[in-house]
Amino acid sequence: MSSVKAPHLSGRVPPQVFFAVSAVFHYLGPAFAVTLFEHVGVFGVTWLRIAGAAVVFAVWLRLWRPVACWPG
């Protein structure tokens, strides 16, 4: 038996999809930020956008996996 790896996501999805998703988030982020300005202020919006990006990257890169492999 040979183990064949499935192609990475970038090999299965056309580049136009990545561009479209990027464009949507490029416009949605500031749109939500403008609506939040009056409720949490500029620094609150900045903090929420940075924290949101950190959560997206943690899920995308599966940062919890190395912690699960720690001994003990």
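Residues numbered from 1 in each chain as written. Predicted model: local features only at pLDDT ≥ 70, side-chain atom pairs only at ≥ 80, totals over all residues. Heavy atoms only, no water.

**Student:** Is there a simple way to explain the overall build of the chain in this structure?
**Tutor:** In terms of regular secondary structure, the chain is built from 3 helices and 0 strands. Reading the chain from its N terminus to its C terminus gives the helix and strand order α-α-α. Going through the 72 residues of the chain one by one, you find that 3% of them count as buried. Of the roughly 6800 Å² of accessible surface on the chain, 74% is carried by carbon and sulfur atoms. (Helix = DSSP H or I, 4+ residues; strand = E, 2+ residues; numbered from the N terminus. Buried < 20%, exposed > 50% of the residue type's maximum accessible area, 1.4 Å probe, protein only. Areas by Shrake-Rupley, 256 points an atom, 1.4 Å probe, with all protein chains shown as cover.)

**Student:** I keep staring at helix α2 (residues 15-61) and nothing clicks. Help me out?
**Tutor:** Along an α-helix, a turn takes 3.6 residues, which lines up residues three or four apart on a common side. Between its terminal C-alpha atoms α2 stretches only 19 Å, short of the 69 Å expected from 47 residues at 1.5 Å a residue. The sharpest bend along α2 measures roughly 120° and falls at Val40. Once α2 finishes, Arg62 follows within two positions and takes phi at roughly 50°, a positive value. (Expected span 1.5 Å × (residues − 1). Bend = angle between axes of the 7 residues up to and from the residue.)

**Student:** Explanation requested: a nonpolar patch on the surface in the structure shown.
**Tutor:** On the surface, Val17, Val21, Val24, Phe25, Leu28 and Phe32 cluster together to form a nonpolar patch covering roughly 560 Å² of accessible area. Examined against the element boundaries, Val17 turns out to sit in helix α2. On the accessibility criterion, Val17 (39% relative accessible area) is partly exposed. (Patch = residues over 30% accessible without salt bridge, like charges linked within 9 Å, V, L, I, M, F, W, Y side chains within 5 Å. Salt bridge = Lys/Arg side-chain N within 4 Å of Asp/Glu carboxyl O.)

**Student:** Please explain the confidence of the model for the chain as it appears in this structure.
**Tutor:** Detailed reading of the predicted coordinates is not advisable wherever pLDDT is low. This prediction gives the chain a mean pLDDT of 79; 76% of its residues lie at or above 70. Between the elements of the chain, mean pLDDT differs from a low of 67, seen in helix α3 (residues 64-68), to a high of 86, seen in α2. (pLDDT = per-residue confidence, 0-100.)

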